[in-house]
Amino acid sequence: MKMVFKRSAAVVLLLFMASVAHAEQLNDKNINQFLLKYANDYATHSMRLVRGFRKYKDQGDYQGFVAFKNTVWLPEFERDRKAYDAILEDNRKYLFDNGMTFIFSNLVGLGIYANNFFFDLRRGDKNIRKATVEKMQTDMNQLETLFKEKSLEFKPLVRD
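These lines cover the structure that appears in this document, whether it is placed above or below. (Residues numbered from 1 in each chain as written. Predicted model: local features only at pLDDT ≥ 70, side-chain atom pairs only at ≥ 80, totals over all residues. Heavy atoms only, no water.)

**Describing the overall build of the protein chain**
Part 1 of the reasoning: Summing up its helical and strand segments, the protein chain has five helices and zero strands in all.
Part 2 of the reasoning: Secondary structure elements of the protein chain, listed N to C terminal, follow the sequence α-α-α-α-α.
Part 3 of the reasoning: The 160 residues of the protein chain split such that 38% are buried.
Part 4 of the reasoning: Restricting the contact set of the protein chain to residue pairs at least 6 apart, pairs at least 24 apart contribute 75%.
Part 5 of the reasoning: Only carbon and sulfur atoms are counted for the fraction: they give 58% of the accessible area of the protein chain, which is about 10,100 Å². (Helix = DSSP H or I, 4+ residues; strand = E, 2+ residues; numbered from the N terminus. Buried < 20%, exposed > 50% of the residue type's maximum accessible area, 1.4 Å probe, protein only. Contact = heavy atoms within 4.5 Å. Areas by Shrake-Rupley, 256 points an atom, 1.4 Å probe, with all protein chains shown as cover.)

Quick look at the structure:
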């Protein structure tokens, strides 16, 4: 039994190391393509979260929102967040030198916003919602400013 666990753990570790080792190396030639992909992913996760929140807010169903968040939204969000974490780790200096590390904290922030929406529904505290929506808008504005600086068109495509 212990040998099977050790072998499984070794396989998982090797797969994790391989995925991190192949994280995309960012540079001036591919950063715009990366930013377009990131904006699409960020907008998709943001809009899915907001749509789910609105649906369950309208129904007054915080438990339904929790189920949606934990079983539908969070697994896909976590998959993408982990992939972006690997990219950050491999490209920390490049992103820092170019003032773009905020995009990763903005992505992580979506997890916090999901919890804030839960607390809003659970407690009926519209102040939480207002602060969360304002922060989400600030994050989006920050991304839009980066796109302007890079002369990129900011039209993220939200996947359903």
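Continuing now.
**Some points on the packing of aromatic side chains**
Part 1 of the reasoning: Counted under the stated rule, the structure contains 12 aromatic pairs.
Part 2 of the reasoning: Centroid distance tryptophan 73 to phenylalanine 77: 4.6 Å. Interplanar angle 10°. Geometry classified as stacked. Separated by four residues within a single helix, tryptophan 73 and phenylalanine 77 lie in helix α3 (residues 62–97), roughly one turn from each other.
Part 3 of the reasoning: One aromatic cluster is present, built from ring pairs that chain together Phe34, Tyr38, Tyr42, Tyr84 and Phe104. (Phe/Tyr/Trp six-rings, centres within 6.5 Å; stacked < 30°, edge-to-face > 60°.)

**Comments concerning the packing of helix α2 (residues 31–59) against α3**
Part 1 of the reasoning: The geometry of α2 relative to α3 is characterised by a closest axis approach of 11 Å and an angle of 160° between their N-to-C directions. As judged from the angle between their axes, α2 and α3 are roughly antiparallel. Judged by the sense of rotation from one axis to the other, the crossing of α2 with α3 is left-handed. Only Gly64, Phe65, Phe68, Trp73, Glu76, Phe77, Asp80, Tyr84, Ile87, Tyr94 and Leu95 of α3 make contact with α2, whose side of the interface consists of Ile31, Phe34, Lys37, Tyr38, Asp41, His45, Arg48, Leu49, Gly52, Phe53 and Tyr56.
Part 2 of the reasoning: Looking at the contact of α2 with α3 residue by residue, the classes come out as 14 nonpolar, three polar and five charged. (Axes fitted to C-alpha atoms, helices over the stretch in contact; angles between N-to-C directions. Parallel < 35°, antiparallel > 145°, perpendicular 65-115°, else oblique. Left-handed = near helix turned anticlockwise from the far one by under 90°. Nonpolar A, V, L, I, M, F, W, Y, C, P; charged D, E, K, R; others polar.)

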